[in-house]
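# Remarks on the overall topology
Here is what each chain is made of, one letter per residue.
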Amino acid sequence: MEPNSEAPDTGQPVALAERLADEGQMNLNKLLEAVVYARSRRAAKTRWRRNRRAFYRTGRHSEFGDVTIVRQAAYFAFHEQTHLPDIEGLCSETTPAA
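Now for a quick tour of the structure. Small disclaimer: the values here were computed from a predicted structure and weren't measured. (Residues numbered from 1 in each chain as written. Predicted model: local features only at pLDDT ≥ 70, side-chain atom pairs only at ≥ 80, totals over all residues. Heavy atoms only, no water.)

### A short note on the overall build of the chain
Inclusion rule: Each helix corresponds to a stretch of at least 4 residues labelled H or I by DSSP, and each strand to a stretch of at least 2 residues labelled E; elements are numbered beginning at the N terminus. Each residue is placed in one exposure class: buried if its accessible area under a 1.4 Å probe, protein chains only, is under 20% of its type's maximum, exposed if it is over 50%, and partly exposed if it falls in between. Pairs of residues are marked as contacts when any of their non-hydrogen atoms sit within 4.5 Å. For the area figures, the Shrake-Rupley method with a 1.4 Å probe applies, and any residue is considered shielded solely by the protein chains shown.
Tallying secondary structure elements over the chain gives 3 helices and 2 strands in all. Order of helices (α) and strands (β) in the chain, N terminus to C terminus: α-α-β-β-α. Counting only residues that meet the buried cut, the chain has 12% of its 98 residues in that class. Long-range pairs, those at least 24 residues apart, make up 14% of the contacts in the chain with a sequence separation of at least 6. By element, 55% of the accessible surface of the chain is carried by carbon and sulfur atoms, the whole surface being about 8,500 Å².

### Focus: the pattern of salt bridges
For clarity, the cut-off: Just to be clear on terms, a salt bridge is a Lys or Arg side-chain nitrogen sitting within 4 Å of an Asp or Glu carboxyl oxygen.
Per the counting criterion, the structure on display carries 1 salt bridge. In this structure, Asp66 engages Arg60 in a salt bridge whose closest nitrogen and oxygen atoms are separated by 3.5 Å. Of the residues examined, Arg60 reaches a relative accessible area of 67% and is grouped as exposed.

### Focus on a nonpolar patch on the surface
Test applied: Residues enter patches when they are more than 30% accessible in relative terms and free of salt bridges; like-charged ones are connected within 9 Å and nonpolar ones (Val, Leu, Ile, Met, Phe, Trp, Tyr) within 5 Å.
A cluster of nonpolar side chains, namely Trp48, Phe55, Tyr56 and Ile69, defines an oily patch on the protein surface of about 360 Å² accessible area. Within the element layout of this structure, Trp48 appears in helix 2 (residues 28–50).

### Observations regarding the packing of aromatic side chains
The relation between two aromatic rings is expressed through the spacing of the ring centres and the mutual angle of the planes. Our working definition: The aromatic pairing rule takes the rings of Phe, Tyr and Trp, using the six-membered ring of Trp, and pairs them if the centres are within 6.5 Å, calling planes under 30 degrees apart stacked, those over 60 edge-to-face and the rest tilted.
Applying the stated criterion across every chain yields a total of 3 aromatic pairs. With centroids separated by 6.2 Å and ring planes inclined at 50°, the aromatic side chains of Tyr75 and Phe76 adopt a geometry described as tilted. In this structure Tyr75 comes out as partly exposed when scored by relative accessible area, which is 36%. Here the aromatic cluster, defined as three or more aromatic residues joined through ring pairs, consists of Phe64, Tyr75 and Phe76.

Printed below as a string of structure tokens:
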């Protein structure tokens, strides 16, 4: 059974996952995935808060000049999305018809 999507977000995903498991709404694998995800997300948020200024350091790009780390990361994310249709097209060409 899938977890109840209407469950209130207590701000404590680990506690919520444990409660859902106790209520039989989540199996052990999903519980473990939820706990690992919650802890890694919490750790990432903590690192971001501690190092926020570091993301705004600048570096010299050979084509674009001075750019911040956050700007370059945003460019990478956007640029990679433009390749997704190409990748999907290649996958459909190599995947045998069912």
